[in-house]
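Summary of structural features
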Protein chains: 2
Amino acid sequence: MTADRATTTGTEPPRMRADARRNREQILRAAREVFAAQGPEAPLDEIARRAGVGVATLYRRFPNRTDLIRGVAIDVLTALGEAALAARDAEDEPFEALRTFMHAALDLRLGSVMPALIGRLEADDVLDGVRQDAADPVQELVTQAQAAGTLRPDVRFGDLPLMLMRISRPLAGGQLAEDGDLAHRQLEIYLDGLRAPGTCHQRATLPGPAVDLGWFKRIRTRLIGNQPPARPRA
Amino acid sequence: MTADRATTTGTEPPRMRADARRNREQILRAAREVFAAQGPEAPLDEIARRAGVGVATLYRRFPNRTDLIRGVAIDVLTALGEAALAARDAEDEPFEALRTFMHAALDLRLGSVMPALIGRLEADDVLDGVRQDAADPVQELVTQAQAAGTLRPDVRFGDLPLMLMRISRPLAGGQLAEDGDLAHRQLEIYLDGLRAPGTCHQRATLPGPAVDLGWFKRIRTRLIGNQPPARPRA
DNA sequence: TGGAAGTGGAGAAAAACCATCCATCTACGG
DNA sequence: CCGTAGATGGATGGTTTTTCTCCACTTCCA
């Protein structure tokens, strides 16, 4: 039942119809977003709807919730490991590589699966593999950046993913349009806090919307009356 | 601790039995925690259970969910304003005051009510009052710290509460024992990112548990098998 | 073009949640 | 110390949400 993996990890051909595979990826993407917004207990119907498929299709691919979460986890962790390697190759300076990676990880919505990984999923060879493949390059980036003296020496590995888990969850249940940009802005500030004391005179230019007090109040009033019910309708 | 009564129309005597008032505060505290963990749609049963009272007691004090959210909001915002003033008076340096305030706000779980405030609650004189009382001192701290040159000039008011909303939500659905300490540690890093370029050579000593790669893996394995279902049993 | 794999949506069964009622209990003024 | 108004808890019924299967129909691919 777990035979078909859409990921191109192994040498075995997954033998899956093209539309089926496409739907599978749609489901995974939708699940990632919905899990990130509502947590790992989000209704599966909504995931199916967001993916543009029927519920039966979702249940065919992932017979139960745990399977779906595991699928998303493998998907995200795989992409995460690749992002770490890509960042390492793209940037010369280790801290800059770390920074690039963090922003990529934020876009991947790491926080959508980490809580489930921590609390719900039991270990597994495939899962352990991708987890290792995701964690090791990051640890390497940390080590290198600290050796280069650009990452402050008192931070540890956990300070990166644990913060990503927090930042990647949408504010206010996903109602804020600027949420993604705000997350990147706040991540940039956090990254500046991670710089080594010697190098911290070079602060990053903060991207995204700078929310002052007036805007902050406007965010509220703009949203009031928009969506009285929690769940947006189709 | 704060906001003993629900409304402040001076004509009505508060006259509440001692045990009733005590229960009311228990409910508010429980609601704050549960809202922070699960969002403003959390089941009211769980809040009552966490508060150690029956459901009827909760419904008597707060006839519907909106009333409860409003109660929590007033409670938190009141305490928040007081914390801001206290921090201002306790610290000479404006940035240090800001730092003190942020840690206090984190303990108050600002994130438990902000999403609801943003999306669900409609304006109201009392609410607007406490909101103003909470926001104004913070804005003042920001202005002063930037004038003193210790807070970087490109941050804005929103960078503080919006980050608190993210940090104050428990990781992994409230299963992590070290969660509170981790949040304070990560807040400290964020605060270092908020320092002005000139003053950032003085980094704070990071508190709390430093989670390295090994510990990170251990967090997971320790929790596996602890609570397979999402909700802790009754 | 045949047929196996894939699909969507209805709908029953189960679970979660809300909100009220009432018998019992307790703080507190006299 | 007592009477009582106010407060409490948990059972309960009704409603909504969510799960997950079934089957007639469609689509890819050899």
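Let me begin by describing the structure that accompanies this report. (Residues numbered from 1 in each chain as written. Chains lettered and ligands numbered in written order. Predicted model: local features only at pLDDT ≥ 70, side-chain atom pairs only at ≥ 80, totals over all residues. Heavy atoms only, no water.)

With that out of the way, let us pick up the protein's contact with DNA strand C. Within the structure, DNA strand C sits among 22 residues, and Asn23, Ala56, Thr57 and Arg60 of chain A together with Arg65 of chain B are positioned closest to it. Backbone sugar and phosphate groups make up 70% of those atoms of DNA strand C lying within 4 Å of the protein. Contact distances for DNA strand C include 2.5 Å between a phosphate oxygen and a side-chain N or O atom of Thr57 of chain A. For DNA strand C, a phosphate oxygen lies 2.9 Å from a polar atom in the backbone of Ala18 of chain B. Residue assignment for the surface near DNA strand C shows that the elements contributing at least two residues are helix H1 (18-38) and helix H3 (55-61) of chain A together with helix H1 (18-38), helix H2 (44-51) and helix H3 (55-61) of chain B. (Near = heavy atom within 4 Å. Polar contact = N/O pair within 3.5 Å; in protein donor to acceptor, adjacent residues only side chain to side chain. Helix = DSSP H or I, 4+ residues; strand = E, 2+ residues; numbered from the N terminus.)

Turning our attention to the environment of Gly174 of chain B. Residue and element names in this part refer to chain B. Along the chain, Gly174 turns up in the loop between helix H8 (161-167) and helix H9 (179-194). Owing to a relative accessible area of 48%, Gly174 belongs among the partly exposed residues under this scheme. C-alpha separation for the pair Gly174 and Glu33, spaced 141 residues apart in sequence, amounts to 9.4 Å. (Buried < 20%, exposed > 50% of the residue type's maximum accessible area, 1.4 Å probe, protein only.)

The next subject is the protein's contact with DNA strand D. Lining the immediate environment of DNA strand D, one finds 22 residues, of which Asp45 of chain A together with Asn23, Gly54, Ala56 and Thr57 of chain B sit closest. Within 4 Å of the protein, atoms of DNA strand D come from sugar and phosphate in 70% of cases. Between DNA strand D and Arg65 of chain A there is a distance of 2.8 Å, counted from a phosphate oxygen to a side-chain nitrogen or oxygen. The set of elements that each furnish at least two residues to the surface near DNA strand D consists of H1, helix H2 (44-51) and H3 of chain A together with H1 and H3 of chain B. Residue contributions to the surface near DNA strand D peak at 4 residues, all from H3 of chain B. Residue classes in the surface near DNA strand D are distributed as 8 nonpolar, 4 polar and 10 charged. (Nonpolar A, V, L, I, M, F, W, Y, C, P; charged D, E, K, R; others polar.)

Attention shifts here to the packing of aromatic side chains. If you walk through the whole model with that rule in mind, you get 2 aromatic pairs over all chains. With a centroid separation of 5.3 Å and an interplanar angle of 75°, the aromatic rings of Phe216 of chain A and Phe157 of chain B are classed as edge-to-face. Placement of the pair is Phe216 of chain A in helix H10 (residues 213-223) and Phe157 of chain B in the loop between helix H7 (125-147) and H8, with the two residues belonging to separate chains. Using a relative accessible area of 16% as the deciding quantity, one classes Phe216 of chain A as buried. Taking the relative accessible area as the measure of exposure, Phe157 of chain B reaches 5% and is therefore buried. (Phe/Tyr/Trp six-rings, centres within 6.5 Å; stacked < 30°, edge-to-face > 60°.)

Superposing chain B onto chain A takes a rotation of 179° combined with a translation of 0.0 Å along the rotation axis, leaving an RMSD of 0.3 Å. Those values place the two copies in the arrangement expected of a two-fold rotation axis. Nearest to the rotation axis, the C-alpha of Gly193 of chain B is located 1.7 Å from it, this being the minimum over chain B. Here 98% of the contact residues of chain B are again contact residues in chain A; the copies associate through an equivalent surface. (Least-squares fit on C-alpha atoms with pLDDT ≥ 70 in both. Contact = heavy atoms within 4.5 Å.)

The analysis is restricted to geometry; functional conclusions fall outside its scope.
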